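# Examination of the molecular architecture
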Amino acid sequence: MSDLLIDNSKLVETDSTPTRRAFVAAAAAAGLCYAGALAYPIYRYLASPAEMAADQVAVTEVTLKGANAMPAGAALMFKFGSSPAMLIHGADDSWVAFSAVCTHLGCTVQFEPQMNRIHCACHGGVYDPHTGRNVSGPPPRPLKAYKVAVAADSVVVSRA
Amino acid sequence: MAGSIYNWVDERVGLTEAIAFARHKRVPAHAQSFWYYWGGISLFLFLVQIFTGILLLVYYRPGAEAFESVRQITYVMHFGWLIRSAHSWSANLFIFSVIVHMFSVYFMKAYRRPREIGWLTGIALLFLGALFGFSGYLLPMDELSYFATKVGLQIPASLPLLGPFTATILRGGPDVSEFTVQRFFALHVVILPLLFLPLLGLHLWLVQKHGNALPPSELAKPEPTRKSIPFFPNFFQKDLAMWLISLNVLALLASVFPWDLGKQADALSPAPAGIHPEWYFMAPFHMLKILGNWLPGASGEVVGILLFTVGLILWVFIPLYDAQNKIGHRGRIAHYFGIFAVTALILTTALGYWGIR
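For clarity, every value in this text was computed on a predicted model and none was experimentally measured.

Moving on: the overall build of chain A. Across its full length, chain A holds two helices and 10 strands. Traced from its N-terminal end to its C-terminal end, chain A shows the element sequence α-α-β-β-β-β-β-β-β-β-β-β. Of all intrachain contacts in chain A linking residues separated by at least 6 positions in sequence, the fraction that spans at least 24 positions is 37%.

Pasting the structure below:
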């Protein structure tokens, strides 16, 4: 360090000599440019799947070919955009569709026809299979419901 | 505030001692000082390899899906092409700077007592670096990497006795397949790093312990007339400047000449025209070819490998028979051997490229 100090003392400050402060500022700015040039591609690279999923969220309608032939009392799991969803053909011939993501901590729920309920195995949350209402256990909200339209050769599920 | 944090840490880990040690350390300054930077440049490029390698690991899938995942990295993920390109370019620059480092150590006679283990660990690191290159080359599983690995594994396969067995085990079967990719992947990201990192630690510690070696021309000068500069901050700043230059060169190469991804490997399609080994394998390949052509019969290749091995052993164990710190007869022979090695490497590499022109 002492070598550097001696060197500096020999310098004569003129208008064209950058001050130490200006030099440090320039070096810091250059360093920030490098950090940014490295961080931006890395961030975009790591965020790629999230961006692709965001495109899928734009999905407003899913057509399930042949799902109209599903027997009463059965359920079909499918993906609505990027998240799991379920189509239930009730024993009373009703058709409903819900998001299959538990509103408690995000596990995938399952339809249990013999118990007449939608159950989440993670923490024992229970939902009503007709309305998606949270019946018991920790879930704070009902399951998100979708609109269902049964066609001649398919079932069309769309955002409510 | 900053002072009290410093004191807290200093009391527990001894920062002041470390700084005092770094201040005390000096680096010789003379006409050949430029060559002292190449170890540091190699280290920087290795760090880049770890960093970009981890990023590639985020999306790479070994096994049957290998090609598809590299295609995804290259064409689907944002800036994936840049990260892959940086990894490939930095791998090549790493091998290059390690070779420069090795020859500068050789000609400065820096392998002599007490630095023999520094030389030997360095050679081992270069060997592991070549294995990193060979195993990494297969991972994209495109046409070039497929055939390069096929041909490369013929070398152990042509050795007598255990050769074919070793090649089959490395390959994971009679032919290069998804099993080969899977085990090369394990080699590339687990086994080789596990071997490389402790060796690198030992290598770097020995550099700290013994300091930079003086070339014979400097040793010939009386001690008071030799010049040196403090490591910290003077040499350290220059080291950092070299790292910055390396980063700039790498960024330029990786973005202006992005690394290619060929067609998916297919055992049924013929080898592409002009296929050749990576440049750092060109010289040994071509030497074997020349020796194989010179010597008659099918044994030519085996004799070629044996001759080549003898040369390699002479090279590796140079510190054991050129140990004297005087400019003597043996020292001169070692010097000529080094010049011969450089000439042979450059010549056979050039001939190899001339042949596939």
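Before going further, it helps to spend a moment on the overall build of chain B. Helix and strand counts for chain B stand at 16 helices and two strands. For chain B, the spread of C-alpha atoms along the three principal axes comes to 70 × 60 × 35 Å. Expressed as a percentage of the 357 residues in chain B, the buried residues total 28%. Contacts in chain B between residues at least 24 apart in sequence constitute 76% of all its contacts with a sequence separation of at least 6.

Before going further, it helps to examine the nonpolar core. Soluble globular proteins tend to bury their nonpolar side chains together. Within the largest apolar cluster, 60 residues are counted, with the highest numbers of intra-cluster contacts made by Leu-45, Ala-86, Phe-94, Leu-139, Met-141 and Val-181 of chain B. Only helix H3 (37-57), helix H4 (66-75), helix H5 (80-107), helix H6 (116-138), helix H7 (143-152), helix H10 (178-210), helix H12 (231-256) and helix H13 (279-294) of chain B provide two or more residues apiece to this core. If you tally residues by element for this core, the top one is H5 of chain B, at 13 residues. Each of two domains, domain 1 (34-273) and domain 2 (276-357) of chain B, supplies a minimum of three residues to this core. Here Leu-139 of chain B is in contact with Ala-66, Val-181, Phe-184, Phe-185 and His-188 of chain B, once residues within four sequence places are set aside. In terms of nonpolar packing, the next biggest core, distinct from the first, is built from 22 residues, Leu-87, Cys-102, Phe-111 and Cys-120 of chain A among them.

We now examine the packing of H5 of chain B against H12 of chain B. Residues and elements named next belong to chain B. Taken N-terminus to C-terminus, the directions of H5 and H12 make an angle of 125°; their axes are 8 Å apart at the nearest point. The angle between H5 and H12 falls in the class oblique. Like other packed secondary-structure pairs, H5 and H12 cross with a definite hand, here right-handed. The residues of H12 that touch H5, namely those facing Leu-82, Ser-85, Ala-86, Trp-89, Ser-90 and Leu-93, are Leu-250, Leu-253, Ala-254 and Ser-255. Within the contact of H5 with H12, the residues separate by chemical class into seven nonpolar, three polar and no charged.

Attention now goes to the pairing of strand S10 (residues 154-159) of chain A. Residue and element names in this part refer to chain A. In this sheet, S10 lies alongside strand S1 (residues 61-65) in antiparallel orientation, the contact comprising five bridges. Paired with Leu-64 across the two strands is Val-155, which belongs to S10. Of the strand pairs in this sheet, strand S9 (residues 145-150) and S10 are connected by five bridges, and their pairing is antiparallel. Residue pairing across strands places Val-148 opposite Val-157, the latter belonging to S10.

Here we come to the interface of chain B and chain A. With 10 residues of chain B in contact, the opposing surface of chain A contributes eight residues. Of all the elements in the fold, those that place two or more residues in the side of chain B that touches chain A are H5 and H12 of chain B. Per-element accounting of the side of chain B that touches chain A gives the leading share, three residues, to H5 of chain B. In terms of residue class, the side of chain B that touches chain A is made up of seven nonpolar, three polar and no charged.

Another point: the domain arrangement of chain B. All names here are of chain B. Here chain B is partitioned into domain 1 (34-273) and domain 2 (276-357). Look at where the C-alpha atoms of domain 1 and domain 2 centre, and you get two points 21 Å apart. Taken together, the contact between domain 1 and domain 2 spans 20 residues of the former and 15 residues of the latter. Of all elements in the fold, only H5, H6 and helix H11 (216-219) reach the threshold of two or more residues within the side of domain 1 that touches domain 2. Here the element with the most residues in the side of domain 1 that touches domain 2 is H6; it accounts for six residues. Its residues assigned to classes, the side of domain 1 that touches domain 2 comprises 14 nonpolar, two polar and four charged.

Turning our eyes to something else, we now look at the environment of Val-126 of chain A. All names here are of chain A. One can find Val-126 in strand S7 (residues 125-127). Residue class for Val-126 comes out partly exposed when judged on the 19 C-beta atoms lying within 10 Å of it. The sequence separation of Val-126 and Gly-31 amounts to 95 residues, and the corresponding C-alpha distance is 55 Å.

Right, let's get into the sheet that holds strand S5 (residues 110-112) of chain A. Residues and elements named next belong to chain A. In spatial order, the strands read S5-S6-S7-S8; together these four strands make up an open sheet with antiparallel pairing. The strands lining the two open edges of the sheet, one partner per strand, are S5 and strand S8 (134-136). Each neighbouring strand pair of the sheet contributes to a mean axis angle of 40°, computed without reference to strand direction. Of the pairings in the sheet, the one linking strand S6 (residues 117-120) to S7 comprises three bridges and is antiparallel in character. Bridging across to S7, Cys-120 finds its partner in Gly-125.

With that out of the way, let us pick up the confidence of the model for chain A. For chain A, the average pLDDT comes to 88, and 89% of its residues sit at 70 or higher. Across residues 1-6 of chain A, confidence stays below pLDDT 50; counting only partners more than four residues off in sequence or on other chains, it has two contacts.

The next thing to look at is the pairing of strand S4 (residues 95-99) of chain A. Residues and elements named next belong to chain A. For strand S3 (residues 83-89) and S4, the ladder comprises five bridges, and the chain directions are antiparallel. Bridge assignment links His-89 to a residue of S4, and that residue is Trp-95. The turn joining S3 and S4, which pair antiparallel and follow one another in sequence, is formed by five residues; a positive phi near 70° is taken by Asp-93. Bridging between S4 and S9 involves two bridges; their strand directions are antiparallel. Paired with Ala-97 across the two strands is Tyr-146, which belongs to S9.

Residues and elements named next belong to chain A. Within the open sheet, the six strands sit side by side as S1-S10-S9-S4-S3-S2. Their pairing is antiparallel. Every other strand in the sheet has two partners, leaving S1 and strand S2 (74-80) as the edge strands with one partner each. The average angle at which neighbouring strand axes cross in this sheet is 25°, direction not considered.

Thresholds applied
- Residue indices follow the written sequence of each chain, beginning from 1 at its first position.
- Starting at A for chains and at 1 for ligands, labels are handed out in the order in which the entities are written.
- Only residues with pLDDT of 70 or above have their local features reported here, since the model is predicted, and side-chain atom pairs are shown and tallied only from 80 upward, although totals for entire chains, interfaces and linings are computed over all residues.
- The numbering of helices and of strands both runs from the N terminus, where a helix is a DSSP run of H or I of at least 4 residues and a strand a run of E of at least 2.
- By the convention adopted here, residues make contact when the C-beta atoms placed from their backbones lie within 7 Å.
- Here exposure depends only on C-beta density: within 10 Å of a residue's C-beta, 20 or more other C-beta atoms make it buried, 12 or fewer make it exposed, and intermediate numbers make it partly exposed, the C-beta atoms being placed from the backbone.
- Here, a nonpolar core denotes buried Ala, Val, Leu, Ile, Met, Phe, Trp, Tyr and Cys residues that are linked to one another through C-beta atoms within 7 Å.
- A domain assignment, automatic or from a database, supplies the domain bounds used here.
- Angles run from 0 to 180 degrees between N-to-C directions of axes, and those axes are lines fitted to C-alpha atoms, restricted for helices to the stretch in contact.
- If an angle is under 35 degrees, it is roughly parallel; if it is over 145, roughly antiparallel; if it lies from 65 to 115, roughly perpendicular; otherwise it is oblique.
- Put simply, a crossing is left-handed when the front helix is turned counterclockwise from the back one by less than a right angle, and right-handed when it is turned clockwise.
- Residues are grouped as follows: Ala, Val, Leu, Ile, Met, Phe, Trp, Tyr, Cys and Pro are nonpolar; Asp, Glu, Lys and Arg are charged; all remaining types, including Gly, are polar.
- Pairs of strands are assigned from DSSP output, requiring at least two bridges between the strands.
- Known as pLDDT, the predictor's per-residue confidence is scaled from 0 to 100.

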